[in-house]
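Structural features, examined
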Amino acid sequence: MSLDDIKTRIADAEAKAGRASGSVKLIAVSKVQPDERVEAVLEQGHRVFGENRVQEAAGKWPAFRERFDGIELHLIGPLQTNKARQAMELVDAIHSVDRPKLARTLARLAQETGHCPDLFIQVNTGEEDQKAGVLPSDADGFIAECRDLDLPVRGLMCIPPVEEEPALHFALLAKIAVRNGLEGLSMGMSGDFETAIALGATHVRVGSAIFGERVKAGE
Ligand SMILES: *Cc1c(COP(=O)(O)O)cnc(C)c1O
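Residues numbered from 1 in each chain as written. Predicted model: local features only at pLDDT ≥ 70, side-chain atom pairs only at ≥ 80, totals over all residues. Heavy atoms only, no water.

**Points about the nonpolar core**
- Membership of the largest hydrophobic core comes to 62 residues, with the highest contact counts inside it found for Ile94 and Leu106.
- For this core, the leading source of residues is helix α5 (residues 100-113), giving six residues.
- In this structure, Ile94 is in contact with Leu75, Leu79, Ala87, Met88, Leu106, Pro117, Asp118, Leu119 and Phe120, ignoring residues within four places of it in sequence. (Core = buried A, V, L, I, M, F, W, Y, C linked by side-chain atoms within 4.5 Å. Buried < 20%, exposed > 50% of the residue type's maximum accessible area, 1.4 Å probe, protein only. Helix = DSSP H or I, 4+ residues; strand = E, 2+ residues; numbered from the N terminus. Contact = heavy atoms within 4.5 Å.)

Next comes the structure, spelled out in structure tokens:
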């Protein structure tokens, strides 16, 4: 696979779903990938990337930003409140807002700095114990809570359980978004982004299909 192949597949999936060309944003997930691979994708002109750890993102993106204009960085992994400030300075979007304490911290920092990245609320659609995200039944309440805090909530994010049909989870996420008037849907990874696009994804997070297998486990 390559960046161009993935872009072609996204365009085909958009067309097949009757969606506007370019309506899906490709987030190239560069976590634990060697710098040469990331650089190769930057050289091909891609500018939207995802990382799942603040520490790792802080270690590699400032240098890339000095060399390449227009980089847009998305934090897609769990965020600890004590890293929230650093994350807000570094990234353009956070896809993993998943609890009131984090929401309150982000709101306080946004007040203080006058700046906040775009936010996505992570929903644990599979209700898995080990996975982050609010439960589907708590989603409406948490979205309202975030809005009361004046947070810029742009959409929802999910990571379906590995063993299950992702379409059911994507459809559930889309339903929660519609009833809450949210446009953004961050869903779909290397193995299932076309299904996600068919069900309304606006942001797909694709790692290994672009960069190759990760050298270390990236969870
Ligand atoms: C690693 C990761 C991805 C990308 O996974 P691939 O299967 O390599 O495409 C997407 N979303 C999240 C939250 C991730 O942690």
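Next comes the rest of the description.
**Remarks on the site of the ligand**
- Among the 13 residues in the neighbourhood of the ligand, the closest are listed as Lys31, Ser190, Gly207, Ser208 and Arg214.
- Here an oxygen atom of the ligand and a backbone polar atom of Gly207 are 2.8 Å apart.
- A distance of 2.8 Å is found between an oxygen atom of the ligand and a backbone nitrogen or oxygen belonging to Ser208.
- Considering the ligand on its own, with 390 Å² of exposed area, one finds that the protein chains cover 93% of that surface.
- Partitioning the shell around the ligand into residue classes produces six nonpolar, four polar and three charged. (Near = heavy atom within 4 Å. Polar contact = N/O pair within 3.5 Å; in protein donor to acceptor, adjacent residues only side chain to side chain. Areas by Shrake-Rupley, 256 points an atom, 1.4 Å probe, with all protein chains shown as cover. Nonpolar A, V, L, I, M, F, W, Y, C, P; charged D, E, K, R; others polar.)

**Side note on the pattern of salt bridges**
- Scanning the model with the defined rule gives 11 salt bridges in all.
- The shortest N-O distance in the salt bridge between Lys25 and Glu72 comes to 2.6 Å. Residue Lys25 is found in strand β1 (residues 25-29), and its partner Glu72 is found in strand β3 (residues 72-75); the two are separated by 47 residues along the sequence.
- When its relative accessible area of 29% is taken as the criterion, Lys25 is described as partly exposed. (Salt bridge = Lys/Arg side-chain N within 4 Å of Asp/Glu carboxyl O.)

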